[in-house]
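Listed here are the chains, written in short residue letters.
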Amino acid sequence: IFTAWLVEARILRDDPLAGVKVPSQPSTRRKPFTDLDVPLIIRTAEKSGCGERDVAIVVLALATGLRLNELRSLHWPDDVDLRRGFVFVRDRSAKTDASVRTVPLDPKAVARIESYVADHRPSQSSGPLFLNKHGDPLTYYGLSSVFRRLRAHLPAEVDFKIHRARNTAITNWLRAGTDLYTTMHLAGHKNPKVTERYA
């Protein structure tokens, strides 16, 4: 771009880099967590001030790849079927149930959510799944702060962020042999090209 500008500004007569192809840049997509990272993240969550809730959030994020707002929008018990092992991700702005995404839960995630709901959720009434200590729904900022707090207590190389949990879930589905179309649906991607990046 610079040498083309020099030609345009008549500082150079010919562009010495004309025809040179710019090399592709390395992917900036965050890598999934390693098998060593996950237990460390869970142990760190267990030591937080809201251990069972924070562990349930982390395990659910790692198992389902839900985005931050999707985690925050889950309602108990309507969106969580622990008996069959599913969460239902709803587009609350949509007028029909056609936009509901069904995402499977592994048994570890089911056990952690059961423990949180039965023994640690401040309210047993229906409503948002994740509540603060006062029994109020977690705000976007409140849920973000859970991830920030955990990140502060983890080694820097773990680089704990919600989107890495999402990357981990999507990568694990693909490694387990889930086809691209199903993975795209589970992840909530509109375009298969986005899902292909993980493959």
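Draft legend 1. Seen up close, the packing of aromatic side chains. A complete count under the given rule lists four aromatic pairs for this structure. Residues Phe2 and Trp5 carry aromatic rings whose centres are separated by 6.1 Å and whose planes lie at 20° to one another, so their mutual orientation is stacked. With Phe2 and Trp5 both in helix α1 (residues 2-8) and three residues apart, the pair spans about one turn of that helix. On the basis of relative accessible area, Trp5 is assigned to the partly exposed category, the value being 46%.

Draft legend 2. Molecular detail of the pattern of salt bridges. The final tally for this structure, using the stated rule, is nine salt bridges. As a salt-bridge pair, Asp159 and Arg151 come within 2.9 Å of each other at their nearest N and O atoms.

Draft legend 3. Looking closely at helix α7 (residues 162-175). Taking 1.5 Å per residue, 14 residues should reach 20 Å; α7 reaches 20 Å between its end C-alpha atoms and fits that length. Burial of α7 is extensive: ten of the 14 residues sit out of reach of the surface. Residues of α7 that are buried include every one of Arg164, Ala165, Arg166, Asn167, Thr168, Ala169, Ile170, Thr171, Trp173 and Leu174, and no others. At its buried positions, α7 is contacted by α2 (37-46), α3 (51-64), β4 (101-104), α8 (180-187) and α9 (192-196). Phi for Gly177, located one or two positions after α7, is positive at around 95°.

Draft legend 4. Representation of the packing of α3 against α7 within the structure. At a minimum axis separation of 6 Å, α3 and α7 run at an interaxial angle of 45°. Classified by the angle between their axes, α3 and α7 sit oblique to one another. In this structure, α3 uses Ala61, Leu62, Ala63 and Thr64 to contact α7, whose residues at the interface are Ile162, Ala165, Thr168, Ala169 and Trp173. In terms of residue class, the contact of α3 with α7 is made up of seven nonpolar, two polar and no charged.

Draft legend 5. Examining the nonpolar core more closely. Formed by 48 residues in total, the largest nonpolar core has its most connected members in Val58, Leu60, Leu71, Leu105, Leu129, Phe130 and Phe160. Going through the elements one at a time, α2, α3, α4 (68-73), β3 (86-89), α5 (107-120), α6 (140-152), α7 and α8 are the ones with two or more residues in this core. Of all the elements, α3 adds the most residues to this core, at nine residues. Residue contacts for Leu60: discarding those within four places in its chain leaves Gly65, Leu71, Leu74, Val87, Leu105, Ile113, Leu129 and Phe130.

Draft legend 6. Local environment of the pairing of β4. Residues Arg101 and Val103 point to one face of β4 and are all buried, whereas Thr102 and Pro104, pointing to the other face, are not buried. As defined by bridge partners, β3 adjoins β4 across four bridges and the pair is classed as antiparallel. Residue pairing in the sheet places Val89 in a bridge with Arg101 of β4.

Draft legend 7. A look at the packing of α3 against α6. Packing of α3 against α6 brings their axes to within 11 Å, and their N-to-C directions diverge by 95°. Taken together, the axis directions place α3 and α6 in an arrangement best described as roughly perpendicular. Residues Arg53, Asp54, Ile57 and Val58 of α3 form the contact with α6, whose own contacting residues are Leu143, Val146, Phe147, Arg149 and Leu150. Of the residues contributing to the contact of α3 with α6, the split by class is six nonpolar, no polar and three charged.

The rules behind the values
Residues numbered from 1 in each chain as written. Predicted model: local features only at pLDDT ≥ 70, side-chain atom pairs only at ≥ 80, totals over all residues. Heavy atoms only, no water. Phe/Tyr/Trp six-rings, centres within 6.5 Å; stacked < 30°, edge-to-face > 60°. Helix = DSSP H or I, 4+ residues; strand = E, 2+ residues; numbered from the N terminus. Buried < 20%, exposed > 50% of the residue type's maximum accessible area, 1.4 Å probe, protein only. Salt bridge = Lys/Arg side-chain N within 4 Å of Asp/Glu carboxyl O. Expected span 1.5 Å × (residues − 1). Contact = heavy atoms within 4.5 Å. Axes fitted to C-alpha atoms, helices over the stretch in contact; angles between N-to-C directions. Parallel < 35°, antiparallel > 145°, perpendicular 65-115°, else oblique. Nonpolar A, V, L, I, M, F, W, Y, C, P; charged D, E, K, R; others polar. Core = buried A, V, L, I, M, F, W, Y, C linked by side-chain atoms within 4.5 Å. Pairing = 2+ DSSP bridges.

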